[in-house]
Amino acid sequence: MRRTFVTLTVLAALLGAAATAPASAADPTATAAETMTEAPSAWEPAPPTPPFDYPAGARCDFPVHAEAILDEVVQRVLETHPDGSPKRVAYKGPLVMRVTNTDTGAHFDADAGGSAVVEYRLDGSQRWLALGPVLTTFRTNGGNVPRGVYTIDGVYILDITADRTKTLTMLHGRTDDICARVAR
């Protein structure tokens, strides 16, 4: 119980800082008008989670397909860029992704229904402050986790560059290698 409390306290601090840090934090000369954004939107359905396919060797040693079998994720825009595009968006809700080894038909239903606040940067990069499970992939030399398909669960930060290189900073939690689960 103490570990859960500490973990949630750390996440609350991270999410609070992300949600309340002024857009002008890097520019101490910004005016109040430049740092203001509209009030957060209401919760609404997020766009459907798209399926994905990778050939053998791209993520797993065999071809893999994944698709949502339950997708009730909702989103709330917390902040927008000056052009009106989303800058900071909160996501939550149930998501289960079926990951299938298309050579053998072996599959695993991965819980990916975590909560996250995602910062979308104008250069195409992203920062995820997350709690709970999310399904993601890593390519060879594409980050600090070996090539594969993973469920990441816990309290963590996932930085994604514009070229899709991913850096996982695990504060508390674990990764689950889905390729290993469907290798048979």
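Right, let's walk through the structure included here. Predicted model, so just to flag it, every value in this text is computed and none were measured.

The subject of this paragraph is the state of the cysteines. Every disulfide links exactly two cysteines, by a covalent bond between their sulfur atoms. All told, the structure shown has one disulfide when counted by the stated rule. Across a sulfur-sulfur distance of 1.9 Å, Cys-60 and Cys-179 are joined as a disulfide pair. For the disulfide bridge between Cys-60 and Cys-179, the dihedral angle about the S-S bond is near -70°, and by the sign convention the bridge is left-handed. Taken as a pair, Cys-60 in the loop between strand E2 (52-54) and strand E3 (64-71) and Cys-179 in helix H3 (residues 178-181) lie far apart in primary sequence, 119 residues in all. According to the relative accessible area criterion, Cys-60 is buried, its value standing at 3%.

Let us look at the environment of Ala-39. Of note, Ala-39 is situated in the loop between helix H2 (32-35) and strand E1 (44-45). Of the residues examined, Ala-39 reaches a relative accessible area of 60% and is grouped as exposed. Separated by 39 residues in sequence, Ala-39 and Leu-78 place their C-alpha atoms 7.1 Å apart.

This part takes up the sheet that holds strand E7 (residues 107-111). Spatially, four strands are ordered E2-E3-E6-E7 in an open sheet, and the strand pairing comes out antiparallel. The strands lining the two open edges of the sheet, one partner per strand, are E2 and E7. Between one strand and the next, the sheet's axes are offset by a mean angle of 20°, whatever the strand orientation.

Moving on to unusual backbone geometry. The backbone of Asn-141 shows a phi angle near 55°, a positive value even though the residue is not glycine. Mapped onto the fold, Asn-141 is located in the loop between strand E10 (134-138) and strand E11 (148-160).

All told, the structure shown has eight salt bridges when counted by the stated rule. A salt bridge links Lys-87 to Glu-79; the shortest N-O distance between them is 3.7 Å. Like Lys-87, the residue Glu-79 is buried in the burial classification. Within this structure, Glu-79, Lys-87, Arg-88, Glu-119 and Arg-121 form a network of salt bridges that share partners.

The subject of this paragraph is the pairing of strand E12 (residues 166-177). Relative to E12, E11 runs antiparallel, the two sharing 11 bridges. When the bridges of E12 are listed, Tyr-156 appears paired with Met-170. In this antiparallel pair of consecutive strands, E11 and E12, the connection spans five residues, and Arg-164 shows a positive phi of 75°.

Scoring rules and cut-offs
- For every chain, the first residue of the written sequence is number 1, and numbering continues from 1 along that sequence.
- Local features in this predicted model are restricted to residues of pLDDT 70 or higher, and side-chain atom pairs are both shown and tallied only at a pLDDT of 80 or more, whereas totals for entire chains, interfaces and linings draw on every residue.
- The basis for the side-chain values is all heavy atoms of the structure; hydrogens and waters are excluded.
- We call a pair of cysteine sulfur atoms a disulfide whenever their separation is within 2.5 Å.
- The helix count covers DSSP runs of H or I at least four residues long, the strand count covers runs of E at least two residues long, and both are numbered beginning at the N terminus.
- Throughout, exposure labels follow a simple rule: accessible area from a 1.4 Å probe, protein chains only, divided by the maximum for the residue type, with under 20% read as buried, over 50% as exposed, and the rest as partly exposed.
- Pairs of strands are assigned from DSSP output, requiring at least two bridges between the strands.
- Every axis corresponds to a line fitted to the C-alpha atoms, with the helix fit spanning only the stretch in contact, and the corresponding angles, defined between N-to-C directions, vary from 0 to 180 degrees.
- For this analysis, a salt bridge means a side-chain nitrogen from Lys or Arg found within 4 Å of a carboxyl oxygen belonging to Asp or Glu.

Worth remembering: the numbers are spatial, not functional.
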